[in-house]
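Descriptive analysis of the structure
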Amino acid sequence: MQMSDMGNISELITRIESRLTDELSKDLFHARLRNMIYRDVDDLRNDILDIAEKYNWEWEVYQMDRMCESVFDISGIVIFGCGINGKQIYRLFRGSKYKDIPILFCDNNKEIWGKKVFGCDVISPEELRTRYRDCICVIGSSKYRQDILQQLLHEGFPNKNILYPYIGILFGIVGWQYFDYLTPEDNEIFIDGGVYDGGSSDDFIKWTKGKYKAIYGFEANPYCIERCKEYYNKNGIHDVEFVEKCMWNERAKMVFASTHSGASRISDEGNVVVEADTIDNVLSGRRATFIKMDIEGAEYRALLGAERTIKKYRPRMALSVYHKPQDIIEIPALLLKYDDSYKFALRQYSSTADETILYVF
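Residues numbered from 1 in each chain as written. Predicted model: local features only at pLDDT ≥ 70, side-chain atom pairs only at ≥ 80, totals over all residues. Heavy atoms only, no water.

Relative to the helices and strands, N159 is located in the loop between α7 (145-154) and β6 (162-163). The class for N159 is exposed, based on a relative accessible area of 52%. (Helix = DSSP H or I, 4+ residues; strand = E, 2+ residues; numbered from the N terminus. Buried < 20%, exposed > 50% of the residue type's maximum accessible area, 1.4 Å probe, protein only.)

Structure (structure tokens):
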């Protein structure tokens, strides 16, 4: 099912919304719908920060935590950049354990020196270098982050006090992704779509307190396969069938972009050819109780390949719906076609536009 085949979108949206079980899910659903229409990632991030403030989330900011392991006495935080990214970082800090630390902004635009952003003073780079060397300076621009870093180092700001977000914008996380909404049942049979480093399988075991029946781990990335097997062996993860294939809607060979990151995916511009198969083929009639998928945009196709399993066993699911804007409609619509009794919840685990999970039950 693709967007062009869906008939009356308004009726479909109303139907999906009626299956969402709480107001938080509806707020996230509306934010994702706006993103599907307007495709503005900064608006989506601001929507997520609005929702976080509404529900009083406390973000964990791991990059800042690691910085504080070496910088013990934080006199303040200076966000270098007064644009969208800098303002989002400010809101992130105000929703974290760092909320009471004084914050300033810095910018190369002299027209805003001495003014305020969110009630915080905007200082010049010269003031930063001479008066605020003991502060942590967070680079708050994804577009100019490398330029700002070189400027700070050239002007002699202490390197150890510079926080350089490695994805271009500082982000926070909240919650226990895939496992903090549903409650485990007896003898769970877990399908881990996108094993990556084994962490999700390990979390599944913690979630079930070790009381589970089986795990099927799907992973096609050659960089990850051996590492995952070693992780399983080292951590005593038992009753596992490791499936060295992509989840897909048919048995095929696929071009795959294989990297060391969790963003490896099926891609026409990939660098290796891997095997792909369906959940239905791999299970061959066997039962599944809980399906997790975080497979970089292949979720819809993989669900097409799980039709028999879903119709027969009605597994609960935790599905990524952030890789493609249309997933917020296409994925729940497909699942309601399989089983009209399904209900949904949405949860957000990152302050960025990533890590939106649809729980299906």
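Now that the structure has been shown, the text picks up again.
With that out of the way, let us pick up the side chain of R32. In this structure, R32 sits in helix α2 (residues 23-38). Comment: no salt bridge for buried R32; closest opposite-charge side chain is D354, at 6.1 Å. (Lys, Arg positive; Asp, Glu negative; His and termini not counted. Salt bridge = Lys/Arg side-chain N within 4 Å of Asp/Glu carboxyl O.)

This part covers helix α13 (residues 327-338). Helix length check: α13 (12 residues) gives 16 Å between terminal C-alpha atoms against 16 Å at 1.5 Å per residue, within 8%. Along α13, 11 of the 12 residues are buried, which leaves the element largely enclosed by surrounding structure. Turning to α13, its buried residues number three or more, namely D327, I328, I329, E330, I331, P332, A333, L334, L335, L336 and Y338. (Expected span 1.5 Å × (residues − 1).)

Let's shift gears to the pattern of salt bridges. Scanning the entire structure with this criterion turns up 25 salt bridges. Put simply, R19 and D340 hold a salt bridge, and the shortest N to O gap is 3.2 Å. One end of the pair, R19, is in the loop between α1 (9-18) and α2; the other, D340, is in the loop between α13 and β16 (344-348), and 321 residues separate them in sequence. Exposure remark for R19: the relative accessible area of 17% places this residue in the buried category. Residue classification places D340 among the partly exposed residues on the basis of a relative accessible area of 42%. Measuring nitrogen to oxygen at the nearest pair gives 3.8 Å for the salt bridge that ties K26 to E23. Of this pair, K26 and E23 are both found in helix α2, three residues apart, which corresponds to roughly one turn of the helix.

Strand order in the open sheet formed by six strands is β3-β4-β2-β1-β5-β6, and the pairing between neighbours is mixed. In this open sheet, the two strands that pair with only one neighbour each are β3 (116-117) and β6. For strand β5 (residues 136-139) and β6, the ladder comprises two bridges, and the chain directions are parallel. Residue pairing in the sheet places V138 in a bridge with L163 of β6. Across the face of the sheet, helix α5 (residues 84-94) comes into contact with β1 (77-80), β2 (103-106), β3, β4 (120-123) and β5 while running at roughly 170° to β2. Sitting on the sheet, α7 touches β1, β5 and β6, and the angle it makes with β5 is about 150°. (Pairing = 2+ DSSP bridges. Contact = heavy atoms within 4.5 Å. Axes fitted to C-alpha atoms, helices over the stretch in contact; angles between N-to-C directions.)

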